[in-house]
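# Breakdown of the fold
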Amino acid sequence: PGKVTVMLNGVPIAEQTGLIRPLARWVLEAALRESNRWHAAGLDINVAVNLSMRNLHDPEIGETIRELLARWGVPPVRLVIEITESSLMADAARAMDVLTSLRAMGVSISIDDFGTGYSSLAYLKRLPVDELKIDRSFVSHMATDDNDLVIVRSTIGLAHDLGLRV
């Protein structure tokens, strides 16, 4: 299946003003509504939604996602939640709980901008994720920078050995 990614723009302002929770809900609802329409039109497209660190630490995010999936009749497998590596590390234990809950629902998890944060390989092997998206700072220069090429090639190999999509 294809995949469309919906990004939360204006996140720093929404986080500072306390509007990140309703913004994330609105984006999730819009994405799942469109996913429902695409499926009804015969299109096999998953939808990915980027969540911020504050969303990841919201104690109601799992229930919100469950409710919206049910409302729009979208199977959890059609939703990918994308989170940045740095948001995982802000509160690794809480992030692990939320991600484990979402994966138990059948939602896929993707780590966005991988390679720019401070994550540990010990976390990577335990995180309930399905996909790594290598940060563009490595990918965009790999044709001209041998070190970037080595990093990208090694990350792809590591991720595949862990059973992840890249």
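Notes on the structure in this doc start here. (Residues numbered from 1 in each chain as written. Predicted model: local features only at pLDDT ≥ 70, side-chain atom pairs only at ≥ 80, totals over all residues. Heavy atoms only, no water.)

This part covers the environment of Lys-125. If you trace the backbone, Lys-125 turns up in helix H7 (residues 121–126). A residue is classified by how much of its surface remains accessible, and Lys-125, at 61% relative accessible area, is exposed. In this structure the C-alpha to C-alpha distance between Lys-125 and Leu-162, which are 37 residues apart in sequence, comes to 7.2 Å. (Helix = DSSP H or I, 4+ residues; strand = E, 2+ residues; numbered from the N terminus. Buried < 20%, exposed > 50% of the residue type's maximum accessible area, 1.4 Å probe, protein only.)

Further remarks concern the packing of helix H4 (residues 61–72) against helix H6 (residues 92–105). Packed helices, taken two at a time, are described by the angle their axes make and the gap between the axes. Following both chains from N to C, one finds H4 and H6 inclined at 20 degrees, their axes separated by 10 Å at the closest point. Overall, the two elements H4 and H6 adopt an arrangement that is roughly parallel. In this structure, H4 crosses over H6, and the sense of that crossing is right-handed. The residues of H6 that touch H4, namely those facing Ile-61, Gly-62, Ile-65, Arg-66 and Leu-69, are Val-98, Leu-102 and Met-105. When grouped by side-chain class, the residues that make up the contact of H4 with H6 number 6 nonpolar, 1 polar and 1 charged. (Axes fitted to C-alpha atoms, helices over the stretch in contact; angles between N-to-C directions. Parallel < 35°, antiparallel > 145°, perpendicular 65-115°, else oblique. Left-handed = near helix turned anticlockwise from the far one by under 90°. Contact = heavy atoms within 4.5 Å. Nonpolar A, V, L, I, M, F, W, Y, C, P; charged D, E, K, R; others polar.)

Bringing the packing of helix H2 (residues 20–40) against H4 into the picture now. Contact geometry for H2 and H4: axes closest at 9 Å, N-to-C directions at 30 degrees. With respect to H4, the axis of H2 lies roughly parallel. With respect to the hand of their crossing, H2 and H4 are arranged in right-handed fashion. In this structure, H2 uses Arg-25, Leu-28, Glu-29, Leu-32, Arg-33 and Asn-36 to contact H4, whose residues at the interface are Ile-61, Thr-64, Ile-65, Glu-67, Leu-68, Leu-69, Arg-71 and Trp-72. A class-by-class count of the residues in the contact of H2 with H4 yields 7 nonpolar, 2 polar and 5 charged.

Take helix H9 (residues 146–161) next. The end-to-end C-alpha distance of H9 is 22 Å, a good match for the 22 Å that 16 residues give at a rise of 1.5 Å each. Buried within H9 are the following residues: Asp-148, Val-152, Thr-155 and Ala-159. Each buried residue of H9 sits inside an arc of 65 degrees when the element is viewed along its axis, so together they form one side. Facing away from the buried side of H9 by more than 90 degrees, the exposed set consists of Asp-146, Asn-147, Arg-153 and Asp-161. Buried positions along H9 lie against strand E4 (108–114), strand E5 (131–134) and helix H8 (136–139). If you check the start of H9, you find a side-chain oxygen 2.8 Å away from the backbone N of Asn-147, and it comes from Asp-145. One or two residues past the end of H9 sits Gly-163, with phi positive at roughly 80 degrees. (Expected span 1.5 Å × (residues − 1). Arc of directions from axis to C-beta. Polar contact = N/O pair within 3.5 Å; in protein donor to acceptor, adjacent residues only side chain to side chain.)

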